[in-house]
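Chain by chain, the residues run as shown.
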Amino acid sequence: MKNTLALFRQPFLLVVWIACSLPLWGQEPASLPEILQKMLLVKEVTSLESDRFSRKYLLRIEQPLDHADPAGPRFTQRVVLCHTGFDKPVVLVTEGYSGEYALRASYRDELSRLLDANILFAEHRYFGESRPDTLLWEYLTAENAAYDIHRITHLFKPFYPGKWIATGISKGGQTALIYRTFFPDDVAVTLPYVAPLCRAVEDERHEKFLRHVGTRRERRRIEHYQKEVLRRREEIQPLFDAWCNQRGYTFRIPLQEVYDYCLLEYPFAFWQWGKNVADIPPPGSEVGRLFAHLMDVSEPSYFAREQAHLPFFVQAARELGYYGYDTHPFRPYLTIESAHGYLHRVMLPRELENLPFDDTLYHQVTEFLDKNDLPILFIYGQHDPWTAAGVTGLKGKKQIKVYTEPGGSHLARISSFPEQTRVEILKILEKWLEEE
């Protein structure tokens, strides 16, 4: 018994031991409680409340920081298992950031609901509770993150022998796509939602997209608002500074420059989240109204040291890519001379300001998509600026599908499409999951 308990305290060995000791999965009613009783003796496994699933558990899985060196430093990855049946499919959610929300009793992702499937939810390395004690940035790579998911998948596949579908939203969808690139046979289906595939730190496609998105009247109204708030800086900047000071925000640049960047970010954020053009205050509006609208769309915490997305910005600067800003229409009103290089200067700590970008990952993924035709279904929003870097131009593919929601934003989901398209997408997914 003493040796068994010692084995339980090794998170990696924990799941392997349970998988190897299981009876046939057809014996679900008899086997599961016994297994869970053993699992619950271990501090790394916690039972969670659920309004959506019969059983829900939080697990902490030990992972190598560098999968090329399994004997090296390690960290603990937070994983949530939502069980509905061993005979059901598994939706593997590859979160791109922190996974705190998956702990809520009401949590259920769209695909699990539509397919009546289990969920295996993996928080991304270096986010939330899946952070190593020391942030060794050289190990925060897309390849290592893909190996994290690969390892988790193979630990749990003996539990759930049915079809697996990998999915994620935004950076999580990007993670699912990269995972499929490195391990094409791990899952039967991949469904990335609103997932970009950027090819540079300042991928010029986003700026071009914003010059044509929506109608000309809508774009002019957005630009007029930006210019109005920049022109009236003397009236609005004090409100802006007070807002930042009251919330304890600190920045790597002066507040006047933060103000500039919030206005440059404004159109991207506006279209990304599907804001209503009718809500934009017209020129001449009261200062408080102009300021409140800016805080609603492009709040300065995005550029603050205190925001939780530093690991993402490191990844963006190294290999995931990002977007730039078109400063030309606003140069008379800006305090900055140029926005070029802002990701490194504004978002990254000084020791990472010179982090070089490597486009190898972009070419790996695009080459994978070009040479393969696997069951992958992309969801995008027509007006979402991230769609500018989306996987939307593939031709001659029978299995890779791309659906773009008309007028949609970064909130595009299967459920937000017209009924006819929703039915079509579900039929495709069901066909894929039924294939041998």
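Residues numbered from 1 in each chain as written. Predicted model: local features only at pLDDT ≥ 70, side-chain atom pairs only at ≥ 80, totals over all residues. Heavy atoms only, no water.

Caption draft 1: Here's a closer look at the packing of helix α5 (residues 142–156) against helix α6 (residues 171–182). Two elements in contact, α5 and α6, have axes whose closest approach is 9 Å; the angle formed by their N-to-C orientations is 80°. Comparing their axes, α6 and α5 come out roughly perpendicular. Residue-level inspection shows Ala142, Glu143, Ala146, Ile149, His150 and Thr153 of α5 in contact with α6, the latter providing Ile178, Tyr179 and Phe182. When grouped by side-chain class, the residues that make up the contact of α5 with α6 number six nonpolar, two polar and one charged. (Axes fitted to C-alpha atoms, helices over the stretch in contact; angles between N-to-C directions. Helix = DSSP H or I, 4+ residues; strand = E, 2+ residues; numbered from the N terminus. Parallel < 35°, antiparallel > 145°, perpendicular 65-115°, else oblique. Contact = heavy atoms within 4.5 Å. Nonpolar A, V, L, I, M, F, W, Y, C, P; charged D, E, K, R; others polar.)

Caption draft 2: Structural detail: unusual backbone geometry. Even without glycine at this site, aspartate 116 takes up a positive phi of about 50°. A positive phi angle, close to 40°, is found at valine 194, a residue other than glycine. Assignment of secondary structure puts valine 194 in the loop between β7 (189–193) and α7 (205–210).

Caption draft 3: Fine view of the pattern of salt bridges. Scanning all chains against the criterion turns up 21 salt bridges. Between glutamate 62 and arginine 74 there is a salt bridge, with the nearest N and O atoms lying 2.7 Å from each other. Separated by twelve residues along the polypeptide, glutamate 62 in strand β2 (residues 55–64) and arginine 74 in strand β3 (residues 74–83) bring together distant segments of the chain. Glutamate 367 is paired through a salt bridge with lysine 371; the nearest N and O atoms lie 2.7 Å apart. Here lysine 371 and glutamate 367 lie together in helix α14 (residues 360–371), a separation of four residues that amounts to about one turn. What makes glutamate 367 partly exposed here is its relative accessible area of 42%. Look at the salt bridges and you will find they share partners, linking Arg60, Arg78, Glu100, Glu123 and Glu129 into a network. (Salt bridge = Lys/Arg side-chain N within 4 Å of Asp/Glu carboxyl O. Buried < 20%, exposed > 50% of the residue type's maximum accessible area, 1.4 Å probe, protein only.)

Caption draft 4: Layout of the packing of helix α8 (residues 216–231) against helix α10 (residues 255–272). Interhelical geometry of α8 versus α10 gives an angle of 160° and a closest axis separation of 10 Å. Taken together, the axes of α8 and α10 lie roughly antiparallel to each other. α10 is crossed by α8, and the crossing has right-handed handedness. Residues Glu218, Ile222, Tyr225, Gln226, Val229 and Leu230 of α8 form the contact with α10, whose own contacting residues are Tyr259, Asp260, Leu263, Leu264, Tyr266, Pro267, Phe270 and Trp271. Within the contact of α8 with α10, the residues separate by chemical class into eleven nonpolar, one polar and two charged. (Left-handed = near helix turned anticlockwise from the far one by under 90°.)

Caption draft 5: Structural context of the environment of threonine 175. Looking at the element boundaries, threonine 175 is found in helix α6. Residue threonine 175 is classed as buried on the basis of its relative accessible area, which comes to 9%. Put simply, threonine 175 and alanine 142 are 33 residues apart on the chain and 7.5 Å apart in space, counted from C-alpha to C-alpha. If we ignore the near neighbours within four places in the chain, the residues touching threonine 175 are Thr94, Gly96 and His124. Within the structure, threonine 175 has its side chain in polar contact with the backbone oxygen of lysine 171 (distance 2.8 Å). (Polar contact = N/O pair within 3.5 Å; in protein donor to acceptor, adjacent residues only side chain to side chain.)

Caption draft 6: Structural view of the nonpolar core. Core analysis: the largest hydrophobic core is formed by 80 residues, its most contacted members being Tyr261, Tyr322 and Leu369. The leading source of residues in this core is α10, at eleven residues. (Core = buried A, V, L, I, M, F, W, Y, C linked by side-chain atoms within 4.5 Å.)

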